[in-house]
Amino acid sequence: MRALSKASVLTAAGVLLAVVGVAVPPLAMSASAPDIRLPAEIPPGYYDAAEGKTGPELHAALHGIIGNGAHLTYDEVWDALKVTDEDPASPANVLMIYSGASMPEDANGGDADQWNREHTWAKSHGDFGTSPGPGTDLFHLRPCEVGVNSTRGNLDFDLGGEEVPEAPDNFVDEDSFEPRDAVKGDVARGIFYMAVRYDGEDGFADLEPNDSVGNNDQPFIGRLSVLLAWHAQDPPDAAEQTRNDIIFEQFQQNRNPFIDRPEFADAIW
């Protein structure tokens, strides 16, 4: 299964609505219309154990639901990202998380003109490295140009700073990084997933978002209040939902609850 193009998503939406007898406005059928979110491919009952819970009880219930996902090796992540982040307009390319640029999928590596594996939850925040588990989890790993990845480094997320020359509309200062508006929510939901999936069991670090920056090697990342605002500002779209489905079906056999059920974030934090 590969990511759907915007045009195919909109066409599928129109067919679905027509089948159930709902009139489709002309704009909804246009390939230039905004992405719309189709029903997620969530297995029946997947979130039953979380229903009616809030706070730590919801956190624990979601961990129980998603905590049995498969772990890739760090080498396997290369090929997985070529599927999860494929450019629907150019299937031999992948899309960069921060710049939005499209690069050849085989241009992966460590050179200045290549892309590599960006840990949105910086791997030094909890010192988990690149071992199977948090270091290889696709829900927070994204393709990124080598130079932009280096600029972000292990900075926390917050507002402000100077624009990143190689990635317009992204900003950086001495203690934080601000991604472009189109992926702010994607980044936040990856962070929320990591905090629920990795809670100190099975030898993994106990990861938690906090409302600070400068967390360095502590198993925390911030700024939580800003991440929650980004989550609300940039809700899941069809492309993010498709990526969630692909990771579930083809790679890890678990899901990001905050893509499927965005209300879970405020119910926990």
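For the structure itself, consult the block above.
A. How the structure looks around the side chain of N210. Positionally, N210 belongs in the loop between β10 (208-209) and β11 (220-221). Of the polar contacts made by the side chain of N210, one reaches the backbone nitrogen of S212; its length is 3.2 Å. Polar contacts involving the side chain of N210 include one to the side chain of N215, which spans 2.9 Å.

B. Representation of the nonpolar core within the structure. By size, the foremost hydrophobic cluster in this structure holds 62 residues, and its most contacted members are L62 and F157. Put simply, the parts of the chain that give this core at least two residues each are α2 (55-66), α3 (74-84), β5 (141-145), β8 (167-172), α5 (184-197), α6 (224-233), α7 (238-252) and α9 (263-268). By residue number, the principal contributor to this core is α5, which donates eight residues. With residues near it in sequence (within four places) discarded, L62 still touches Y47, A50, V196, P257, F258, F264 and I268.

C. Quick look at the pairing of β5. By the criterion of burial, β5 is predominantly enclosed, with five of the five residues buried. By the alternation rule, side chains of β5 split into L141, P143 and E145 and R142 and C144, which are all buried. As paired elements, strand β4 (residues 115-119) and β5 share five bridges and run antiparallel to each other. Counterpart to W115 in the pairing with β5 is E145.

D. Structural context of the sheet that holds strand β6 (residues 156-157). On the basis of which strands lie adjacent, the open sheet formed by four strands has the order β6-β9-β8-β7 and mixed pairing. The open sheet terminates on both sides in strands that have one partner only, identified here as β6 and β7 (162-164).

E. Spotlight on the environment of V226. Position of V226 among the secondary structure elements: in helix α6. When its relative accessible area of 11% is taken as the criterion, V226 is described as buried. For V226 and D211, which are 15 residues apart along the polypeptide, the C-alpha to C-alpha distance reads 8.2 Å. Setting aside anything within four residues of it in sequence, one finds V226 in contact with D158 and L159.

F. Molecular detail of α5. Taking 1.5 Å per residue, 14 residues should reach 20 Å; α5 reaches 20 Å between its end C-alpha atoms and fits that length. Counting buried positions along α5 yields 14 of 14 residues, so the element is predominantly enclosed.

G. Molecular detail of the sheet that holds strand β2 (residues 90-95). Ordered in space as β1-β2-β3, the three strands form an open sheet in which the pairing is antiparallel. Strand pairing shows two members of the sheet lacking a second neighbour, β1 (86-87) and β3 (102-104), which therefore form its edges. Pairing of β1 with β2 involves two bridges; the strand directions are antiparallel. Residue pairing in the sheet places E86 in a bridge with V94 of β2.

Rules used in this analysis
- Residues numbered from 1 in each chain as written.
- Predicted model: local features only at pLDDT ≥ 70, side-chain atom pairs only at ≥ 80, totals over all residues.
- Heavy atoms only, no water.
- Helix = DSSP H or I, 4+ residues; strand = E, 2+ residues; numbered from the N terminus.
- Polar contact = N/O pair within 3.5 Å; in protein donor to acceptor, adjacent residues only side chain to side chain.
- Core = buried A, V, L, I, M, F, W, Y, C linked by side-chain atoms within 4.5 Å.
- Buried < 20%, exposed > 50% of the residue type's maximum accessible area, 1.4 Å probe, protein only.
- Contact = heavy atoms within 4.5 Å.
- Pairing = 2+ DSSP bridges.
- Expected span 1.5 Å × (residues − 1).

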